[in-house]
Amino acid sequence: MRLVPILFYLVLCVVKWCVCDEGHCAWYGQCGNSDKGLPLPCVYNGTAKVLNDTTALGLLEEICPYLINKNGPTYTCCDREQIKTLSSNMAVPNQLLARCPSCYHNFLNLFCSSTCDPDHSRFVTVEGFEPYHENKTRVTKVGYVLSKNFAQGFYNSCKEVQLPANNQKAMGVICGTTADQCTYKKLFKFIGNPQLNPAAPFEIDFTFRPVLDHNDTGAMNKTIAPCYKAPNNDTYPCSCQDCKQMCGIPGPPMTPPPPWEILDIDAMYFIMAAVLMGFIFLFSVYVTIDQVCFKDSLGIDKELVTNIEESDRQILINKKERYVSVTDIGCMEKLGARFDKFLERQFSRWGKMCATHPLKVITIGLVLCVTFGCGLVMYQVTTDPVELWSEKHSQARQEKDYFDNHFGPFFRTEQMIITAINGTFWKHKNNNMYVSGSSQFGPVFKQDFLHQVLTLQSKVLNITVKDGDETIGLKDICFAPLCKDNKADHVDNCTVESILQYFQNNHTLIDKWSGDFVFQKTADYIDHLQYCFYSPSSYNDTTPLHLQCMSLYGGPVSPWVVLGNYTDIDYGNATALVITLVVRNHVNDNDNRQAKLWEKAYIEFMKDFVKDKINPNLSIAFSSERSIQDEINRESQSDVATILVSYMIMFVYISLALGHVTTCDYRIFVDSKISLGLCGVLIVLLSVLASIGFFSYMGIKLTLIILEVVPFLVLAVGVDNIFILVQAYQRDERNKGETREEHIGRILGKVGPSMLLTSTSECMAFYLGVLTTMPAVRVFSLYAAQAVLFDFLLQISCFVALMSLDSKRQEASRYDVACCIPPSKKESIPKGEGILYQCIKKYYAPFLMNDAVRVIVIVLFTSTCCTAIAMVNKIELGLDQKLSMPEDSYVLDYFNNISAYLSVGAPVYFVVQSGHNYTDAHGQNNICGSNGCNVDSLLGQVFKASQQSNGTKIAHLASSWMDDYFDWIKPHGDHPCCREYPGQSREQFCPSTMNNKTCTSCNIPLSEGRPAPDDFLHYLPWFLSDMPTIKCAKGGHPAYSSAVVMKKDANNETEIGATYFMTFHTVLKTNKDYIDALKYAREMGEQMTAMLHPNASHRKFKYKYKNMIKETDASNYRVYPYSIFYVFYEQYLNIVSMTVIQLSTCLAVIFVISTLLLGIDLYSSFIVIFVIAMILCHMFGLMYLWDITLNAISLVNLIMCIGISVEFCSHIIRAFAVSLGKTRKDRAIDSLTHMGSSVLSGITLTKLGGIVVLAFSKSQLFQVFYFRMYLGMVLFGATHGLIFLPVFLSYIGPPLNKAKLYEHQTKHLELEDSSQGDVHKQNDTSYGHI
């Protein structure tokens, strides 16, 4: 597209033998062609001649209007043929420079003055000539004197002109070096050197001197049109993109916000330190007052007793019991007591029924589980990352679907990043005239290394795979922009982005060099590479090699795409080569089957190549489109063994720990609970299978997270209930005359409400996860909630039935597991306290309730909590892709190489939805980026963003089909881009690739460079189908064939639908980079939409994404950015608010449930929520310290943490609430003694064994998000539930429930009267009086 050779066919005719008088010429006419086939002027030392040819005058007026004499004959130093040649050679410069009228105007003046100016002998001299036939002499060298003002002004007016299709500056094309290194002297030296510029027919020696005054005519000093001024009244100044002076005052540079600090200290640390100090002071005051004034006070006033008989009061006083009357009990306490009694009664009845009919209950439970489990035949697993992390109706998902449906999905890519093993930098003699001495190059540029890489590339390009009877090669699946329907007929037509395309993938061209064979080389492959780095569109470099840079597939290869790890634009310092194969993608994934087959063969080939070290000099990191999904699937399979070992450890522990062994004789085999424990584990598995089957019936797809996490979760929250139920039965003595079934029912009535509290809280917490917009979290929450629900129902039915059968076995002294073996003798079931229970009761609880220990615990936990809160705002967002890969994955090397070597970010498309009017000037000026366009146009905003790429993450100016279309339709040159067959209808397009001299210019009438609306629509499809050539660099098919959607309106008239303008993001290495890139791109999209709808209300474009796929119109279309990674990173734009909402909602629901099931006890419920919130704070602190980012997986774990924390807290708090100890400390000891052992053995120890195994997983995802977070959940839950919570309750636990105390005191009075033979007849043992 950057066609250097053609630019200067205009350096034709020059000049004069000697300095002549006014009106004299240095040449006139053409005298054949040079050795390069370029026309040479005839030497002529005479006066200028009258130009009478009408055609020539028309051409001259078009390109050199100032030479036309409106009032008389026009004298020139050029004839008709010279003018035609000059006009012809203006075609390509017009395409490259005309977007900036001032630059192009100055460009024309430079060559119009030297070619045709009637006075050009004043500043042009013939310095070399040779004879030509018929006694003529032709020019071979000239001197051209320019004023410094003109030379510098010409350079300044053109130095910023952009080439939108290539994201480069035009100066990099016409200067022979990079735009940044170009100066006006280098520019003119390149133009005049035929050795460097193959378009120069002879040498032009430019000299520069200042002009003394207006009478000094010894130097060409035409008035310069600066880029910020229009050269005439019929044109515009250059645009902001091509002229910085048109951009106005630049805004302040974008810098990250300063850190939030107070007194040079991180604000969060400062605030939390102040909070901690304030708390310690208040707590000290509270402890002092409590010790001095209110030691062991329960808040029950003894003087309130009014309704108890004196004898009863005396009994209670003698026993030193607290006492309360009916009038002391509040309404809420009565209501709570009745509800509590109701639950106890219902659970007792239910438990008795299940224990009485165990086989029926088990059978019904199994039938239901099997019925739900049959849904497994319908299960589906989704591993598509888009389906997992992007909600179907989310903005990013709808934008992706819109893009895919209108332009086709983003390409599939196969990529290799190649570096040299033990390679070193080396020196090369640089023959470029602008770089003196030697130049340093990276090891990847050594000639033998390039040959080795080309050999590898050729092998990859020729990989084939069988698809039935058909052989599939790369040509069958690749993207070929110059072929019909982008389908290649040969592998050379495939888009292969590689540095070797600079040599057309040819070993011979890499070895090509030029020189005298005696002294030294004048050019070799390195010189060619250096030229191609800065002019990748060239068909002929400026070195003596004269090789083309354009790729075989017909597009330019940008150096920043194929090279890695270089400094600024010094591409020679690169240390990595990047080869990218572009493969067609399809909306329907079934159409990608052949591509996936080829990719599989490619992966296997590359694995073998790397593993076998076929080339020990090459270090290769590679990936394909299917690699990530393949490796995720492999990771899940490889961790099956780890997960099973983790579960087996927990299973074995549960089976052994449930037993109540008191002797070392045969009773060990009787009192063990292996079979009951295994049944409990089986119930967990059945509940998981039932949940999966249930939702499989409903068509809700599984995810790998569900298969890996839900069993662990249900085991974690379900085992605790099993331990509590079994251990409560083991410790409790059967009442006189009570049957086994009644005993089990009574135990279930006692612990059932606590089980209901925890299970309901967990279920509701997970069900609320459905409110999230993240599919993976929503589906996980559904499956987890249903599994926990099924597990609870099976526990209070089937497990109770199994416990009844096991109790019957134990009472018969039959062996566990081998229950069919008859016992040698029968003994009673041992009852009593287990070892763990006794340790807590005798040692741990008294120690924890020591006054000094309690103070230390409160201060310590508060300190760590404040520290953790100070870290919350420092947790990073995102999910590093490397964590989702197995430790031995080849993709990890690829990810590491991307971070280290890649030099360009992902492409980003600014999509204009259907509805914009592109045919009128107003609509065009709001989009385009060249002259006449609005400063704040769509392309203008992208350009401004690219100037602050550090903040905006926009790397380049966007490619613009509209600007290139305007250049394409301009009728310049003898081979204009827009041509048609003569005498034919307007439908007969003559492509630029057609070398047919009968084709004529389209001659489109232009107004200020723009066609009429009908012409705009008519010729646009021709532009989009035209291929770029040497003479027409603006053919739009390769770059824009998919960028513009042509459609039919309601009247079957052709109109423009959706379009896009593509640029690139900068290199994005961190999650924050990706999130910031998405965030700013969306801000740009909103600004562009507001610009296109200046009179519309902003609210009108608060879009309903569910309707986005529907066609838009002029009233509601919008501009939005799209890049392939947006669907994955959109979640992080609101994941913080989503996390806050999810966790807050879960806590609120748990508070409501706790309030109901704790007997309408708001006090206890607040404590539950407070402690769970503290656990969450500590989890956030752990995430920061252990480098765990906030993402969907960690959010799932945090929700799970709330569920597990309920287990650690609720049992202890409920036990405290119903305890009748005399003081809060006594009640804390009592609750810790009765429930602490179950919590410790049932939750903490159970999961610790399984969690430790996860540390040895090959999956980094498991190590980070499962091992680390699960370990934190268990440790923080256990320490808060077994250390902090009892101590906290001992200070400000809920007051004694007076209804419970009244019931207890009434029962005690009855027992005292019964022992004296005087049984009370009043029925005070129930809550009837309350």
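Basis of the calculations
- Once a new chain begins, its residue numbering starts again from 1 and follows that chain's sequence as written.
- Residues qualify for local features only when their pLDDT is at least 70, as the model is predicted, and side-chain atom pairs are given and counted only at 80 or more; totals for whole chains, interfaces and linings, by contrast, use all residues.
- Where side-chain values are given, they derive from all heavy atoms of the structure, hydrogens and water being excluded.
- In this text, helices come from DSSP runs of H or I with a minimum length of four residues, and strands from runs of E with a minimum of two, each type numbered from the N-terminal end.
- Between buried and exposed lies partly exposed: a residue is buried under 20% and exposed over 50% of the maximum accessible area for its type, with that area taken using a 1.4 Å probe on protein chains only.
- Contacts are residue-level and defined by heavy atoms, with any inter-residue pair within 4.5 Å sufficient.
- The accessible surface values rely on the Shrake-Rupley method and a 1.4 Å probe; as for residues, cover is taken only from the protein chains in view.
- One less than the residue count of a helix, multiplied by 1.5 Å, gives the span that helix is expected to have.
- The angle separating two fitted axes, one through the seven residues that finish at a residue and one through the seven that start at it, defines the bend at that residue.
- Any two rings among Phe, Tyr and Trp, with Trp reduced to its six-membered ring, count as a pair given centres within 6.5 Å; such a pair is stacked if its planes are under 30 degrees apart, edge-to-face if over 60, and tilted if neither.
- Criterion for a charge above a ring: Arg CZ or Lys NZ at most 6 Å from the ring centre, at most 35 degrees from the ring normal.

Enquirer: Explain the overall build of the protein chain to me, using residue names and the numbers behind them.
Expert: On a plain count of helices and strands, the protein chain comes out with 43 helices and 30 strands. For the protein chain, buried positions account for 57% of its 1330 residues. In the protein chain, 74% of the contacts between residues at least 6 apart in sequence involve partners at least 24 apart. About 54800 Å² of surface is accessible on the protein chain, with carbon and sulfur atoms providing 57% of the total.

Enquirer: Could you give an account of helix α34 (residues 1013–1025), naming the residues involved and the relevant values?
Expert: In a regular helix each residue adds 1.5 Å, so 13 residues correspond to 18 Å; α34 covers 19 Å between its end C-alpha atoms and thus fits that length. Residue Y1019 marks the point of greatest curvature in α34, where the axis turns by about 30°; the proline P1021 follows within four residues. Along α34, the residues that are buried comprise D1015, F1016, H1018, Y1019, L1020, W1022, F1023 and L1024.

Enquirer: Residues and numbers for the packing of aromatic side chains, please.
Expert: In total, this model carries 65 aromatic pairs according to the counting rule given. Ring geometry for F410 and F411: centres 5.9 Å apart, planes at 50°, overall tilted. For F410, a relative accessible area of 15% corresponds to the buried category. An aromatic cluster of at least three residues, connected via ring pairs, comprises F107, F111, F123, Y144, F150, F154, Y184, F188, F206 and F208. It is R854 that lies over the ring of Y1291; its NZ or CZ is 4.3 Å from the centre. Note that R1227 overlies the ring of F1216, its terminal NZ or CZ placed 4.2 Å from the centroid.

Enquirer: Describe the side chain of K400, listing the residues and the values that go with them.
Expert: Structurally, the position occupied by K400 is in helix α14 (residues 395–407). Using a relative accessible area of 19% as the deciding quantity, one classes K400 as buried. What K400 contacts, discounting residues up to four positions off in sequence, is V386, Y1122 and V1127.

Enquirer: Describe in detail unusual backbone geometry, supporting the description with residues and values.
Expert: The residue N505 is not glycine, and still its phi comes out positive at about 55°. With respect to the secondary-structure elements, N505 resides in the loop between β17 (496–497) and α16 (507–511). The class of N505 is buried, set by a relative accessible area of 19%. Even without glycine at this site, K953 takes up a positive phi of about 65°. Looking at the element boundaries, K953 is found in the loop between α32 (949–952) and α33 (961–968). Taking the relative accessible area as the measure of exposure, K953 reaches 12% and is therefore buried.

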